[in-house]
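What follows is each chain in one-letter form.
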Amino acid sequence: MIPSSQGTLTGWGNTAPSRATIKRPRNASEVSEVIGSAAHHVIARGLGRSYGDPAQSAGGTVIDNRGLGQRSIIDPDTGTITLGAGVSLDELLREAIPAGYFVPVTPGTRQVTLGGAIAADIHGKNHHVDGSFMDHIEALTLVTPSGTFTISPTQDSELFWATAGGMGLSGVIVEATLRLIPIETSSVLVDTERFEDIDALMDAMVTGDHHYRYSVAWVDCMAKGARLGRGVLTRGDHASADQVPLDKPRLQPPGSPKLAIPFTAPKGLLNKYSIAAFNEAWFRKAPKHKDGEVQSLSTFFHPLDGVSMWNRLHGPRGFLQYQFVVPDAASHIVPQAMALLSRRSVPSFLAVLKRFGKGNSGLLSFPTAGWTLALDIPLGAGHASAVLDELDELIAEAGGRIYLAKDSRLSPHLIPTMYPKLEQFQAVCDRVDPGQKLGSDLSRRLNLRG
Ligand SMILES: Cc1cc2nc3c(=O)[nH]c(=O)nc-3n(C[C@H](O)[C@H](O)[C@H](O)COP(=O)(O)OP(=O)(O)OC[C@H]3O[C@@H](n4cnc5c(N)ncnc54)[C@H](O)[C@@H]3O)c2cc1C
């Protein structure tokens, strides 16, 4: 018997609750059985860390991929490992770091599954050097309504690249083989620099990011006047054994959260005044310039994982994440977006600014060369809705796009412009799923299957 229950699901930012039958298959044949017997739309779900609605399907069936937890050992010759789609990066890193390996790409949290990482083709602070998650996948097993396929960049590459960033719509990933990267220590050598305005910050990123494997800037979109977009740039590389003090543990796995938010914060706790005060205090706390600081992998990559259920701090309404990318030729959109938010008093926690390198062949992959900015905005805040609608149009016109793993509000008419390979994606999905059995709240809202 495949474990089954009824449940109400939301996204991490707090999307509208969506009730579905939840199934937890343990292998490819059980996944196939769930898809075959489902009456309505089926979609896979990992740890629900997408901010919007891609991992929910109202009235349909949701496949909880956490039943797919098998793992091989790391091949010492190639650094590859084969994992079930439900294994989280946290679980993987607890084994990989002591063995001297790290994931080639990590998002800002370890609490995502392999399936979720592939379906969103996630990016990290090293996109300008290493590309996105799918660039490090050797092969994967995909269950679709028309059969089970083993696919790779050379074997049915069309289906492989439709699955990269395909938000679960090309099939259910059961397992994948991932190339890890070798590390000598679980530390990162970090250089930090504070910038008083956005132009100086962006110049420093353009001229200096290529000297580092990892780079990210935290930006204050609530500062006023010339200080708008002031930020703190942190860049680093894995530390070698001789760069870490002898009393520091060499290869320490990640710890568990030290803090938990026990209940949802009261409404009104976060408003434009409290958020502006937080941003100010945070900016002042950062060093003006500091080189060669030894930080743990967790501190550098996953600071939010130290606090479990931190999303409850946003109160009962929750928040939305808004992440866009624009090409270098439209870099002016970054300060323009900040000015628009500030002028219209839309509160935003520290924004994250990164540079992307060249995109891959993923038909719906988000990363493409240029600038990406991610904002956390309380839901229902002031003129947020109108301002973001305006920004969507500017971004689409400039050849940019919004990240589907974080979206909960985009208008479907912009999708073909933002994702020009949409028709090709739909054709591949139609080949393996002619009856359109695979579908999510996101795919229906944005008409992704056509
Ligand atoms: C604090 C935080 C920081 C983040 N930072 C980043 C970042 O830096 N970069 C970045 O790219 N993203 C980032 N994200 C987003 C996150 O990495 C993605 O949304 C990721 O997809 C979540 O994985 P999940 O396992 O929780 O999947 P879910 O959110 O449960 O699902 C995401 C998508 O994956 C599909 N899916 C899940 N499992 C399967 C499967 N087995 N087969 C087929 N499809 C499947 C679902 O259908 C859905 O479309 C962040 C999220 C949080 C909460």
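Residues numbered from 1 in each chain as written. Predicted model: local features only at pLDDT ≥ 70, side-chain atom pairs only at ≥ 80, totals over all residues. Heavy atoms only, no water.

1. Digging into the overall build of the chain
Point 1. A count of helices and strands for the chain gives 13 helices and 20 strands.
Point 2. In terms of overall size, the chain behaves like a compact globule, its C-alpha atoms giving a radius of gyration of 21 Å where 450 residues would be expected to give roughly 22 Å.
Point 3. Overall, the C-alpha framework of the chain stretches about 60 × 55 × 45 Å when taken along its three principal axes.
Point 4. Among the 450 residues that make up the chain, the fraction classed as buried is 56%.
Point 5. Of the contacts formed within the chain by residues at least 6 apart in sequence, a portion of 74% connects residues at least 24 apart.
Point 6. Accessible area of the chain: about 17,800 Å², with a carbon and sulfur share of 54%. (Helix = DSSP H or I, 4+ residues; strand = E, 2+ residues; numbered from the N terminus. Rg over C-alpha atoms; globule rule 2.2 N^0.38 Å. Buried < 20%, exposed > 50% of the residue type's maximum accessible area, 1.4 Å probe, protein only. Contact = heavy atoms within 4.5 Å. Areas by Shrake-Rupley, 256 points an atom, 1.4 Å probe, with all protein chains shown as cover.)

2. Things to note about the sheet that holds strand E3 (residues 42-45)
Sheet strands associate in pairs through backbone hydrogen bonding, adopting either a parallel or an antiparallel arrangement.
Point 1. With respect to topology, four strands assemble into an open sheet ordered E1-E2-E4-E3, the strand pairing being mixed. Of all strands in the sheet, those with a lone pairing partner are strand E1 (4-9) and E3, marking the two edges. Between one strand axis and the next, the sheet turns by 35 degrees as a mean value, whatever way the strands run.
Point 2. Both E3 and strand E4 (residues 61-64) contribute to a ladder of four bridges, which runs parallel. Along E4, the bridge assignment pairs Arg 45 with Asp 64. (Pairing = 2+ DSSP bridges. Axes fitted to C-alpha atoms, helices over the stretch in contact; angles between N-to-C directions.)

3. Digging into the domain arrangement of the chain
Point 1. Assigned domains of the chain: these are domain 1 (68-183) and domain 2 (187-414).
Point 2. The C-alpha-based centres of domain 1 and domain 2 are spaced at 24 Å.
Point 3. Counting residues at the interface gives 35 residues for domain 1, matched by 36 residues for domain 2.
Point 4. Of the roughly 3,100 Å² buried between domain 1 and domain 2 on both sides combined, carbon and sulfur atoms contribute 59%.
Point 5. On the domain 1 side of the contact with domain 2, Arg 110, His 123 and Lys 125 bury the most area, a combined 25% of that side's loss.
Point 6. The interface formed by domain 1 and domain 2 holds two salt bridges in total.
Point 7. The salt bridge partner of Asp 130 is Arg 213, with a shortest N-O separation of 2.8 Å.
Point 8. Seen at the junction of domain 1 and domain 2, the total is 22 residue pairs in polar contact (both at pLDDT 80 or more).
Point 9. Secondary-structure elements contributing two or more residues to the side of domain 1 that touches domain 2 are helix H2 (89-96), helix H4 (127-130) and helix H5 (157-163).
Point 10. The greatest single-element share of the side of domain 1 that touches domain 2, amounting to four residues, is contributed by H4. (Domains from an automatic or database assignment. Buried area = accessible area lost by both parts, 1.4 Å probe. Salt bridge = Lys/Arg side-chain N within 4 Å of Asp/Glu carboxyl O. Polar contact = N/O pair within 3.5 Å; in protein donor to acceptor, adjacent residues only side chain to side chain.)

4. Regarding the site of the ligand
Point 1. Around the ligand there are 36 residues in total, and Ala 44, Gly 46, Ser 50, Thr 113 and Tyr 403 lie nearest to it.
Point 2. In the environment of the ligand, an oxygen atom lies 2.6 Å from a nitrogen or oxygen atom belonging to the backbone of Ala 44.
Point 3. Taking Leu 47, its main chain carries an N or O atom lying 3.1 Å from an oxygen atom of the ligand.
Point 4. The protein chains hide 97% of the 960 Å² of surface that the ligand would expose on its own. (Near = heavy atom within 4 Å.)

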